[in-house]
Amino acid sequence: MSKPCPRCRSAARRLAHAAVLLGVVFVAAVTASPATAQDRPNTTAKLELPGGLSGGPAAWTSPEGVGSALQIMLLLTVISLAPAILLMTTCFVRIIIVLGLLRQAL
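The rules we used
- Residues numbered from 1 in each chain as written.
- Predicted model: local features only at pLDDT ≥ 70, side-chain atom pairs only at ≥ 80, totals over all residues.
- Heavy atoms only, no water.
- Helix = DSSP H or I, 4+ residues; strand = E, 2+ residues; numbered from the N terminus.
- Buried < 20%, exposed > 50% of the residue type's maximum accessible area, 1.4 Å probe, protein only.
- Areas by Shrake-Rupley, 256 points an atom, 1.4 Å probe, with all protein chains shown as cover.
- Patch = residues over 30% accessible without salt bridge, like charges linked within 9 Å, V, L, I, M, F, W, Y side chains within 5 Å.
- Salt bridge = Lys/Arg side-chain N within 4 Å of Asp/Glu carboxyl O.
- pLDDT = per-residue confidence, 0-100.

(A) Expanded view of the overall build of the protein chain. Regarding its fold elements, the protein chain presents three helices and zero strands. Sequence-ordered secondary structure for the protein chain, helices as α and strands as β, is α-α-α. A total of 106 residues make up the protein chain; the buried ones form 3% of that total. Taken as a whole, the protein chain presents about 10,200 Å² of accessible surface, with 72% of it coming from carbon and sulfur.

Right, here's the structure in full:
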C-alpha cells in the first residue's frame, strides 16, 4: 500500500479532531442540568459595618476616628494615583527604548 499524501493526513487529522470536539459538545449538552435562577425567595441583606464606621460622625471626628480617617484618605490617594504612576513609568520606558533603537539605527 502507498502512503497517503501529507495533505490527506492533515485533513484526516482535522476531521478526527472535529469529531472528538463534536462528541464532547454533545456529551456536555446532554448531561447539563437545567439552570435555576433562584431556589428560594429573596432575603434582606445583612450588612455589618466595621467598628470605626458604625459610630457615626461623632466617632469619626474623635482623635481615634481622625487617625483612621487619615489612613483611609491616604489609602484612597495611593490607590487612585497608582495607575497613573504605572502608566507614566511604562510610557517613559517605552520612549527610552524607542530612542535607544533610533540611536542605534542612526
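(B) The arrangement of a nonpolar patch on the surface in detail. Taken together, the side chains of Phe92, Val93, Ile96, Ile97 and Leu101 define a hydrophobic patch exposed on the protein surface, amounting to about 510 Å² of accessible area. Position of Leu101 among the secondary structure elements: in helix α3 (residues 63-105). Leu101 sits in the exposed class, given a relative accessible area of 58%.

(C) Inspection of the confidence of the model for the protein chain at higher detail. Counting all residues, the mean pLDDT for the protein chain is 77, and 75% of those residues have values of 70 or more. Per-residue pLDDT, averaged within each element of the protein chain, yields its smallest value for helix α2 (residues 57-60) (71) and its largest for α3 (83).

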